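The primary structure of each chain is shown beneath.
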Amino acid sequence: MTCASCVRHVEKALGKVAGVESVSVNLATSKAEVSLTSDGVAQEALFAAVSKAGYQASPYARKVVSKTSSDLLNLWVATGLTLPVFCLSMFWHSRPFWANVVLFVLSTPIVFLNGWRFISTGTKSLMHFAPTMDALIAMGSVSAWGFSVYGLFFIPEHHQNHYIYFETAAVMVTLILFGRYLESSAKGRASSAIEQLMNLSPVTAMQVMPGGTEKEVLVSIVRPGDRLRARPGERIALDGTIMEGETSVDESMLTGESLPVEKKPGDSATGGTLNLSGSIVYQVSKVGADTVLAQIVKMVERAQGSKAPVQRLADRIASVFVPIVILIALATLAVYLVMGRGIAESLIPAVAVLAIACPCALGLATPTAIMVGTGRGAQKGILIRDGESLERAHGITDVVFDKTGTITEGKPEVVGVETFGSMGADEAATIAAAAEWRSEHPLAKAIVRFSGLTEPYGNIEEFTSYFGGGISATVNGKRCLIGNARLMETNGIVVPPREAQAFTSVWLAVDGQAAAHFQIADKLSPQSKEAVKRLQESGMAVWLLTGDHQAAAESIADQAGIPRECVIAGVRPEQKGEHIRLLQQKGKKVAMIGDGINDAPALAQADLGIAMGHGTDIAIESAHIVLMKASVMGVPEAIDLSRATFGIIRQNLFWAFFYNVLAIPLAIAGLLSPMIAAGAMAFSSVSVVGNSLRLRKR
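Overview of the structure. Predicted, not measured: the structure shown is a model, and the values here were computed from it. (Residues numbered from 1 in each chain as written. Predicted model: local features only at pLDDT ≥ 70, side-chain atom pairs only at ≥ 80, totals over all residues. Heavy atoms only, no water.)

Next up on the list: the nonpolar core. Residues V399, F401, I407, L544, I562 and V635 are the most contacted members of the largest nonpolar core, which totals 82 residues. In terms of residue count, the dominant contributor to this core is helix 25 (residues 634–668) (10 residues). (Core = buried A, V, L, I, M, F, W, Y, C linked by side-chain atoms within 4.5 Å. Buried < 20%, exposed > 50% of the residue type's maximum accessible area, 1.4 Å probe, protein only. Helix = DSSP H or I, 4+ residues; strand = E, 2+ residues; numbered from the N terminus.)

Have a look at this one:
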């Protein structure tokens, strides 16, 4: 494919196949994604539809768009033949017949061999009544060549040079080939993020055999449960758990964080990360497409192949643009002839219209920016789901943070225990920890850590979890209820009144009586204050949305720099999405940042959902952007990158439209020669890709 018209034509062809629900074709990646209504659609039917439309398709294989040696050779041959044609035509105006024959001999292979791709695909598109950019190039170059042949063999020698425009055809083809080569090179750089990610995975690894011996094996044959060794300076091959040794690991490929992470037995090891200091043995848990690295590559590929909604408008415009240009060119030729101009003088502006108006820049404006922006995001630990997410981010007015594990460290600690009756603090902590042992809730983990238990304790029966409230269980025959004051009241247990404090209260009731009060506090994440400040300086209002009570929420908000009037506390998990909707009803464009299962509804409801990468799978699946780094500083970085990417898209689209609006009237007026028009058209495509590449410096 060569332009947005091609994209639209292929999408229409695939969309007509029975069983196809939706189609998205990307010019920059040369990839089509097809959603089917059933499994009954054969690949062959899709390939046949593309072939009938004048193109070729094959099953997707991961690759990086780049220039090829054949393209480069074709360009060099065309350039070598074009230079003498150009020099003879420009600097020898009173040429004899034999010199024009030389021009004919040199220019013919340029048009019909080097430029055959334009003639072949352009002719097919015309036959299918869906002309593309190649049709414009073919019509322009062949028209100039054909008119020159007519002048060479049918016009008397003393008038012949006025009809010879072989250099126009030759230079047009060569400049377009040069522009395609530069464009291909730039697209290769734009898609290099995937290549860099793929290169992080080693081909071989050292497997530790059951007897303790080691041998080098292909990573592709390793299976879950196998043990591998990673020495200092080697990349960890697959995801797993460290069994032996301690080390520090460079995880910047995942998180964008340059500081190494200390690892010990029991910690996770992620494939593609760099082992720095110690020799470790790790047990493989995930291989192939299940690894974190493979999932990141898949997500980046999906994002790079997606479309922002604004691109669909550009594609629709481009689908009717080329036919209109052909009509304008024919009308230009006819008007000049009616005005009494000669055929040579009439043909030149018509050919210039064909050369200048190719909509390739329009087709590249969005996908190249998305490719570079999402690739740069992946390098910084920011995974952007698709082009629509980029477009959503640029209009955000309000940012809503969950508290625990997002704006705080997510590792609360027990800071005090108050007991009632005869039960002591140690006994209360032991009972509560025994009941909470299997819970993944941060408050439950805080109680377990405080108790000092290192393994399950006691006989646990009748365990029940209350969403957003707490748990109940029978511990060694004692009926225990652990949770917030609301859960206690619901179960008829009277708890002593407490003034609002800057900590979270967890109550323990045993056999229907209040037994203990755990005071739990969470620390503000080190970079939360700076992140909030950056967001506010960018013009966004920052909110705190939490299930914690008002005093604890306000204490954290004060530390982070969030105004108290922007604190929404005491919110149950199922209510978070409703609070986001209420903000949206006020005309706000809301971004929600969270990490837990209880944040998933709010992440899905928000205009832009941002999940912390250490969060749960369901939260990540509900989000538009995933931050692989634990730092909340990723939030302003993600929004800034998204805004910058969409800003580049708008610049590209503006200049692509403006270019054609300005250039076509100049060509009609005869103020642009076909050679200059072809060069300008090629430059427009390269400039759009080059502008997108600026995002690599973000």
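Of all residues except glycine, most have a negative phi; of all peptide bonds, most are trans. The backbone of E462 sits at a positive phi, close to 55°, despite the residue not being glycine. Despite not being glycine, D511 shows a phi value in the positive range, around 50°. Mapped onto the elements of the fold, D511 is located in the loop between strand 18 (504–510) and strand 19 (513–521).

Taking 1.5 Å per residue as the helical rise, helix 17 (residues 425–436) with its 12 residues ought to reach 16 Å, and the 16 Å between its terminal C-alpha atoms agrees with that figure. Taken together, the buried positions of helix 17 are A428, A429, I431, A432, A433, A434, A435 and E436. (Expected span 1.5 Å × (residues − 1).)

Quick look at the pattern of salt bridges now. In the structure shown here, the tally under the stated rule is 14 salt bridges. A salt bridge links R341 to E345; the shortest N-O distance between them is 3.2 Å. Among the residues examined, R341 registers a relative accessible area of 32% and is labelled partly exposed. A salt bridge links R534 to D640; its shortest N-O distance comes to 2.7 Å. Here D640 lies in helix 25 and R534 lies in helix 20 (residues 528–537), a separation of 106 residues in the sequence. (Salt bridge = Lys/Arg side-chain N within 4 Å of Asp/Glu carboxyl O.)

Here we take up the sheet that holds strand 16 (residues 470–475). In spatial order, the strands read 14-19-18-17-16-15; together these six strands make up an open sheet with antiparallel pairing. In this open sheet, the two edge strands, each paired with only one partner strand, are strand 14 (413–419) and strand 15 (460–466). Across this sheet, the average inter-strand angle for adjacent strands is 15°, counted without regard to direction. Pairing of strand 16 with strand 17 (residues 478–483), which is carried by six bridges, proceeds in the antiparallel orientation. (Pairing = 2+ DSSP bridges. Axes fitted to C-alpha atoms, helices over the stretch in contact; angles between N-to-C directions.)

Sheet architecture is open: seven strands sit in the order 12-24-23-22-13-20-21, paired in mixed fashion. Because the sheet does not close on itself, it has two edges, and the strands there are strand 12 (382–384) and strand 21 (567–568). In this sheet, strand 24 (residues 625–627) lies alongside strand 23 (residues 608–612) in parallel orientation, the contact comprising three bridges. The partner of A611 across the bridge, within strand 24, is V626.

On to the side chain of T406, then. Looking at the secondary structure, you find T406 in helix 16 (residues 403–407). Within the structure, the side chain of T406 is placed 3.5 Å from the side chain of D402, a separation counted as a polar contact. Excluding residues within four positions of it along the chain, T406 makes contact with F401, S525, I593, G594, D595, M612 and V632. (Polar contact = N/O pair within 3.5 Å; in protein donor to acceptor, adjacent residues only side chain to side chain. Contact = heavy atoms within 4.5 Å.)

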